[in-house]
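Topology and contacts: notes
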Amino acid sequence: EALNNMVKEFENRRNFMIDKLEKLNQISIIKPSGAFYIMVNISEYLNTTFKDKTINNSVEFSKVLLEEEKVAVIPGAGFGLNEYIRLSYATSMDVIETGIDRISVFLSKIK
């Protein structure tokens with residue numbers, strides 16, 4: 001029963017994160033078929049400048065997002081997906097919601 005409850009909770013977190021991400025402008029996602037991660041396509045935000053910082057790849061995007069909005073994500077470059085960042089839903093719903101809200105604010109500042 002405990003395992004079933006845990007699986008259901010992670011499914012709820014995944015669905016919540018997917019729903020919130022799909023509402024953001026100019027991004028798309030790779031829906032997970034396992035694990036606890038969602039890959040987010042940030043290609044529309046690459047090759048831009050933000051506060052004199054160049055954002056040409058997922059590493060630079062992740063660094064500026066961390067500095068500006070205090071949201072830690074994993075650059076997709078390490079997975080061969082340089083136009084993506086990786087988000088984890090192996091955390092609380094509050095952390096997920098706050099993180100995506102901050103990502104939304106950051107994206108609105110870029111474009």
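Because the structure is a prediction, the values reported are computed rather than measured.

Definitions and cut-offs
Residues numbered from 1 in each chain as written. Predicted model: local features only at pLDDT ≥ 70, side-chain atom pairs only at ≥ 80, totals over all residues. Heavy atoms only, no water. Helix = DSSP H or I, 4+ residues; strand = E, 2+ residues; numbered from the N terminus. Expected span 1.5 Å × (residues − 1). Buried < 20%, exposed > 50% of the residue type's maximum accessible area, 1.4 Å probe, protein only. Contact = heavy atoms within 4.5 Å. Polar contact = N/O pair within 3.5 Å; in protein donor to acceptor, adjacent residues only side chain to side chain. Phe/Tyr/Trp six-rings, centres within 6.5 Å; stacked < 30°, edge-to-face > 60°.

Given 3.6 residues per helical turn, the α-helix brings residues three or four places apart onto the same face. Over its 12 residues, helix H2 (residues 58–69) extends 16 Å from the first C-alpha to the last, a length consistent with the 16 Å expected when each residue adds 1.5 Å. Turning to H2, its buried residues number three or more, namely Ser58, Phe61, Ser62, Val64, Leu65 and Glu69. In this structure, the buried residues of H2 make contact with strand S3 (48–50), strand S4 (53–55), strand S5 (74–75), strand S6 (84–88) and helix H3 (93–110). One side-chain oxygen at the N-terminal end of H2 lies 3.0 Å from the backbone nitrogen of Val59; it belongs to Asn57. Just downstream of H2 lies Lys70, where phi reads positive at about 60°.

Right, let's get into the packing of aromatic side chains. All chains considered together, the criterion is met by 4 aromatic pairs. Plain terms: the ring middles of Phe61 and Phe106 are 5.4 Å apart, the flat faces sit at 75° to each other, and that makes the pair edge-to-face. Of the two residues, Phe61 is situated in helix H2 and Phe106 in helix H3; the sequence distance between them amounts to 45 residues. The class for Phe61 is buried, based on a relative accessible area of 1%. In this structure Phe106 comes out as buried when scored by relative accessible area, which is 0%. In textbook terms, an aromatic cluster arises when at least three aromatic residues are bridged by ring pairs, as seen for Phe10, Phe36 and Tyr89.

As far as function goes, none of this settles anything; it's purely spatial.
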